[in-house]
Amino acid sequence: MAEWPLMGHRHEFSLVRTAILDHRGVLITGPSGVGRTTLAMMGAEVAEDAGMAVVRVAGTEVWRSLPFGAFASVLPPDPGGDREGREHHVALLGHYARSLVDGAGGRPLMVCVDDAQLLDVASAMLVHQLARTRAATILATALSKGHRGPPPPPP
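The sections below set out a description of the structure shown in this document. (Residues numbered from 1 in each chain as written. Predicted model: local features only at pLDDT ≥ 70, side-chain atom pairs only at ≥ 80, totals over all residues. Heavy atoms only, no water.)

## Considering helix α4 (residues 121-132)
The first and last C-alpha atoms of α4 sit 16 Å apart over twelve residues, in line with the 16 Å expected at 1.5 Å per residue. Within α4, the full set of buried residues consists of Ala122, Ser123, Ala124, Leu126, Val127 and Leu130. Taking the backbone nitrogen of Ala122 as reference, a side-chain oxygen 3.2 Å away marks Asp120 as the first, capping residue of α4. Following α4 by one or two positions, Arg134 has its phi on the positive side, about 60°. (Helix = DSSP H or I, 4+ residues; strand = E, 2+ residues; numbered from the N terminus. Expected span 1.5 Å × (residues − 1). Buried < 20%, exposed > 50% of the residue type's maximum accessible area, 1.4 Å probe, protein only. Polar contact = N/O pair within 3.5 Å; in protein donor to acceptor, adjacent residues only side chain to side chain.)

## Focus: the packing of aromatic side chains
In this structure the tally under the stated criterion is one aromatic pair. A centroid spacing of 4.9 Å and a plane angle of 85° characterise the contact between Phe68 and Tyr96, whose relative ring orientation is edge-to-face. Of this pair, Phe68 sits in the loop between β2 (53-58) and α3 (86-103) while Tyr96 is found in helix α3, placing the two residues 28 residues apart along the sequence. Among the residues examined, Phe68 registers a relative accessible area of 9% and is labelled buried. For Tyr96, a relative accessible area of 6% corresponds to the buried category. (Phe/Tyr/Trp six-rings, centres within 6.5 Å; stacked < 30°, edge-to-face > 60°.)

## Remarks on the sheet that holds β2
Taken together, the four strands give an open sheet; going across it, the order is β1-β4-β3-β2, and neighbouring strands pair in parallel fashion. A strand with exactly one partner marks an edge of an open sheet, and here the two such strands are β1 (26-30) and β2. Ignoring which end each strand starts from, the neighbouring axes of this sheet average 10° apart. Relative to strand β3 (residues 109-114), β2 runs parallel, the two sharing six bridges. By the bridge assignment, Val55 is partnered in β3 with Val111. (Pairing = 2+ DSSP bridges. Axes fitted to C-alpha atoms, helices over the stretch in contact; angles between N-to-C directions.)

Everything listed is a geometric property; what it means functionally is a separate question.
Written as structure tokens, this is what we have:
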């Protein structure tokens, strides 16, 4: 593993490392500038070193207006085109979850989400689905409560 600056967060890194190796999810919260992203990057390296497939995404203001925007660079095209309707969105959610799991090639999957509070609702639903079904270990960062900005998506 590369040497990353721990910036006084050795205990937190130990907790993150243990959770990842036990295939449990991790949510790293705190105010801006405390090292949430660095800690998550270190966690992603732990997962890769342990043989896990790691998918990295980030919530952003720009992608927040597009369904599955945070995952745009790692998901295949929508197989149904631009169909609308609840049934299509549920099927698409399942299709994308399977696509991520299949992309891991039989290895355990970890999805690393930076700035989860900025995910679009569809991306948040995908992360929730992967966590709830235990199809992936989730490592996410988010600003702590009381931050300024839009509220996080419901999932």
